[in-house]
Amino acid sequence: MEPGTVPGTDEGQAVREVAPHRRSYDALLSDIEAGLLSGETSVGDQLAGERALAEKYGISRASVREAVRILDAMGILDVPTNAGPRSGPVIISNPSRGLGSALRLHVAAKKLSVADIVETRILLETWAARTAPERSTSEDLEEARGLLEAMDAPDIGPSQFHELDARFHVALSRLGGNAVIETLMEALGGSISGYIGDAMAAMGDAPEVLDQLRGQHHAIFDAVLDGAPEDAAQLVHDHIFWLYDRARQEPADRRGSGAG
Ligand SMILES: [Zn+2]
C-alpha cells in the first residue's frame with residue numbers, strides 16, 4: 001500500500017487501511033447478480049468456460065474456480081459433471097442449498113440452538129398447515145399422500161421412515177403456498193434431522209412409536225383435506241413438540257458431550 005495516497009488527513013489513511021481488499025472475482029459475482037436482476041440472464045443459462053471467464057475479467061483461472069465454488073455452495077451455479085474445458089457452469093436457483101448448509105453448521109457451532117430451531121419449525125409449519133386448506137393444489141396434496149402411504153409400509157425401518165417423514169414435512173409446508181416458507185423448511189431439514197435422529201435412537205425401533213407417528217401424520221393430512229385450518233395447525237404443533245420432547249429425554253451420554 002502506498003502511504004499518502006489519500007492525502008490530507010490521518011483519518012483518510014485509517015479508512016484506507018480498514019477497507020476490505022476487493023477480491024479479484026467480485027466483478028464476476030456482481031455481473032451474475034446484475035444479469036439475473038435485469039433479466040439479461042436467467043435460470044438454465046450457461047456461462048462461458050473457465051478460460052473465457054478468466055480472460056473477460058482479467059483474473060486467474062483459480063479465481064474463476066473459486067467464484068464458481070462459492071456460487072455452487074450458494075445454490076446459484078451448477079457445474080455439469082461432464083464439463084469440458086469450454087463448457088461453463090449453469091445458472092440454477094436452489095436457495096435451500098446454501099441456507100441449509102449454513103444453518104446446519106451454525107447449529108453444530110451451538111450458535112443456533114435446537115430449541116430455537118424447533119420453535120422456528122413450529123412457527124413455519126403451523127402457518128403452512130393453517131393456510132393449506134385454502135391454498136393447496138391437488139398435485140401437492142397427491143405428493144403428501146404418496147409420502148404418507150410410503151410411511152404406512154409395515155416393514156419400513158426407522159431410518160427410512162425418518163427420511164420420508166422429513167420429506168412429508170417439506171411437502172406439508174409446500175401446501176401452504178409460500179415458496180419462502182417451503183425453502184426455509186427445506187433448509188432447516190439438515191438441522192432438524194439431528195435431534196430427530198436422537199429421538200429415534202431413544203425410542204429404539206419400537207413399532208408402536210412408528211404407529212403413533214403415522215397416526216399423527218394422517219390426522220394432520222385429514223384436517224387439511226377436511227378444510228379445518230385450526231385443527232391442522234394444532235395437530236402439527238403437537239406432533240413436532242411430541243417428538244422433540246422425546247429427543248430431550250434421550251440420555252445425555254448417548255448424545256455426546258456438550259449437547260443438552
Ligand atoms: Zn413427522
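Up top is the structure.
Summarised in this report is the structure supplied together with it. Each chain carries its own residue numbering, running from 1 in the written order of its sequence. Local features in a predicted model are, by the rule used here, given only for residues with pLDDT of at least 70; side-chain atom pairs are given and counted only at 80 or more, and totals for whole chains, interfaces and linings are based on all residues.

**Digging into helix α10 (residues 207–225)**
Helix length check: α10 (19 residues) gives 27 Å between terminal C-alpha atoms against 27 Å at 1.5 Å per residue, within 8%. Where α10 is concerned, the buried positions are L210, L213, H217, I220, F221, A223 and V224. Buried residues of α10, viewed axially, fall in a sector of 160 degrees; they line one side. Counted as exposed and oriented over 90 degrees from the buried face of α10: P207, E208, D211 and G215. Residues of α10 that are buried make contact with α6 (114–135), α7 (138–152), α8 (158–175) and α11 (229–249). Helical segments are the DSSP runs of H or I of at least four residues, strand segments are the runs of E of at least two, and each set is numbered from the N terminus. To estimate how far a helix should extend, the number of its residues minus one is multiplied by 1.5 Å. Here the C-beta atoms are placed from the backbone, and a residue counts as buried if at least 20 other C-beta atoms lie within 10 Å of its own, exposed if 12 or fewer do, and partly exposed otherwise. The arc in question is the one traced by the directions running from the helix axis out to the C-beta atoms. Contact criterion: two residues are in contact if their C-beta atoms, reconstructed from the backbone, are within 7 Å.

**Observations concerning the packing of α7 against α10**
Convention adopted: a line fitted to C-alpha atoms gives each axis, helices being fitted over their contacting stretch, and angles between N-to-C directions are expressed from 0 to 180 degrees. One can describe the packing of α7 onto α10 by two numbers: an axis separation of 10 Å at closest approach and a directional angle of 160 degrees. For the element pair α7 / α10, the angle class is roughly antiparallel. For the pair α7 and α10, the sense of crossing is left-handed. Taken together, the residues of α10 that come into contact with α7 (itself represented by A144, R145, L148, M151 and D152) are R214, H217, H218 and F221. The scheme is simple: roughly parallel for angles under 35 degrees, roughly antiparallel for over 145, roughly perpendicular for 65 to 115, oblique for anything else. We call a crossing left-handed when the near helix sits turned anticlockwise from the far one by less than a right angle, and right-handed when that turn is clockwise.

**Brief notes about the nonpolar core**
Defined on buried residues, the nonpolar core groups Ala, Val, Leu, Ile, Met, Phe, Trp, Tyr and Cys residues joined through C-beta atoms within 7 Å. Ranked by internal contacts, the top residues of the largest apolar core, which has 36 residues, are A129, L172, I220, V224 and A232. Where this core is concerned, the elements lending two or more residues are α5 (95–108), α6, α7, α8, α9 (179–203), α10 and α11. In this structure A129 touches L172, I220, V224, A232, A233 and V236, once residues within four positions along its chain are discounted. By size, the runner-up hydrophobic cluster in this structure holds ten residues, among which are A67, V68, L71 and L77.

**Side note on the environment of A108**
Positionally, A108 belongs in helix α5. On the basis of neighbour count, A108 is assigned to the exposed category, with 12 C-beta atoms found within 10 Å. Here the alpha-carbon distance between A108 and G194, two residues 86 residues apart in the chain, equals 9.6 Å.

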